Amino acid sequence: MQKRLPQAPNSQLFRGSQGLSIAPLVDVSYGRLGGDTSVPLTVQLLGTPIYAEAADVGENVLRVGAQLDIVNDAQNLAGFISYDGKFQENAETHS
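The rules behind the values
Residues numbered from 1 in each chain as written. Predicted model: local features only at pLDDT ≥ 70, side-chain atom pairs only at ≥ 80, totals over all residues. Heavy atoms only, no water. Helix = DSSP H or I, 4+ residues; strand = E, 2+ residues; numbered from the N terminus. Buried < 20%, exposed > 50% of the residue type's maximum accessible area, 1.4 Å probe, protein only. Contact = heavy atoms within 4.5 Å. Areas by Shrake-Rupley, 256 points an atom, 1.4 Å probe, with all protein chains shown as cover. Polar contact = N/O pair within 3.5 Å; in protein donor to acceptor, adjacent residues only side chain to side chain. Patch = residues over 30% accessible without salt bridge, like charges linked within 9 Å, V, L, I, M, F, W, Y side chains within 5 Å. Salt bridge = Lys/Arg side-chain N within 4 Å of Asp/Glu carboxyl O.

A. Spotlight on the overall build of the chain. The helix and strand tally for the chain stands at zero helices and seven strands. The order of α-helices and β-strands along the chain, N terminus first, is β-β-β-β-β-β-β. By residue count, 14% of the 95 residues in the chain fall in the buried class. Taking all contacts inside the chain whose residues are at least 6 apart in sequence as the whole, residues at least 24 apart take part in 49%. Of the roughly 7,500 Å² of accessible surface on the chain, 59% is carried by carbon and sulfur atoms.

B. View of the side chain of Arg63. Of note, Arg63 is situated in strand 5 (residues 60-72). A polar atom in the side chain of Arg63 sits 2.7 Å from the side chain of Asp27. Within the structure, Arg63 has its side chain in polar contact with the side chain of Asp84 (distance 3.1 Å).

C. Spatial organisation of a nonpolar patch on the surface. A surface patch of nonpolar side chains, amounting to about 510 Å² of accessible area, comprises Leu41, Val43, Leu45, Leu46 and Ile50. It is strand 3 (residues 40-45) that contributes the most residues to the nonpolar patch, three residues altogether. Structurally, Val43 can be placed in strand 3. When its relative accessible area of 39% is taken as the criterion, Val43 is described as partly exposed.

D. Inspection of unusual backbone geometry at higher detail. Residue Leu46 is not a glycine yet carries a positive backbone phi of 55°. Tracing the chain through its elements places Leu46 in the loop between strand 3 and strand 4 (48-53). Taking the relative accessible area as the measure of exposure, Leu46 reaches 85% and is therefore exposed. A positive phi angle, close to 50°, is found at Asn76, a residue other than glycine. Mapped onto the elements, Asn76 comes out in the loop between strand 5 and strand 6 (77-87).

E. Layout of the environment of Leu68. Within the secondary structure, Leu68 is located in strand 5. Overall, the relative accessible area of 30% leaves Leu68 in the partly exposed class. Sequence separation of Leu68 and Pro24 is 44 residues, and the distance between their C-alpha atoms is 4.5 Å. Other than its neighbours up to four places away in sequence, Leu68 contacts Ile22, Ala23, Pro24, Gly79, Phe80 and Ile81.

Below you can see the structure in the form of structure tokens.
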């Protein structure tokens with residue numbers, strides 16, 4: 001189950017006199033996988049059976065995300081920098 005915390009209105013970390021504003025956003029969630037998490041696979045290659053099984057990545061999942069919104073109203077310019085990571089016992093992803 002993921003739950004996103006609501007962002008407060010006008011929650012700029014910095015608001016300059018030239019129309020520049022910076023607003024942070026942080027998102028943390030936890031999940032737990034249930035049921036059979038193994039993924040066995042059997043295929044035939046030139047008549048020979050090949051068996052494969054995925055690595056056990058673990059049941060506990062922690063997801064961490066962060067974003068920094070940057071807006072310059074004076075120049076009609078906006079952008080953001082973000083990070084998203086998912087961590088399990090034997091696997092992790094970053095973007």
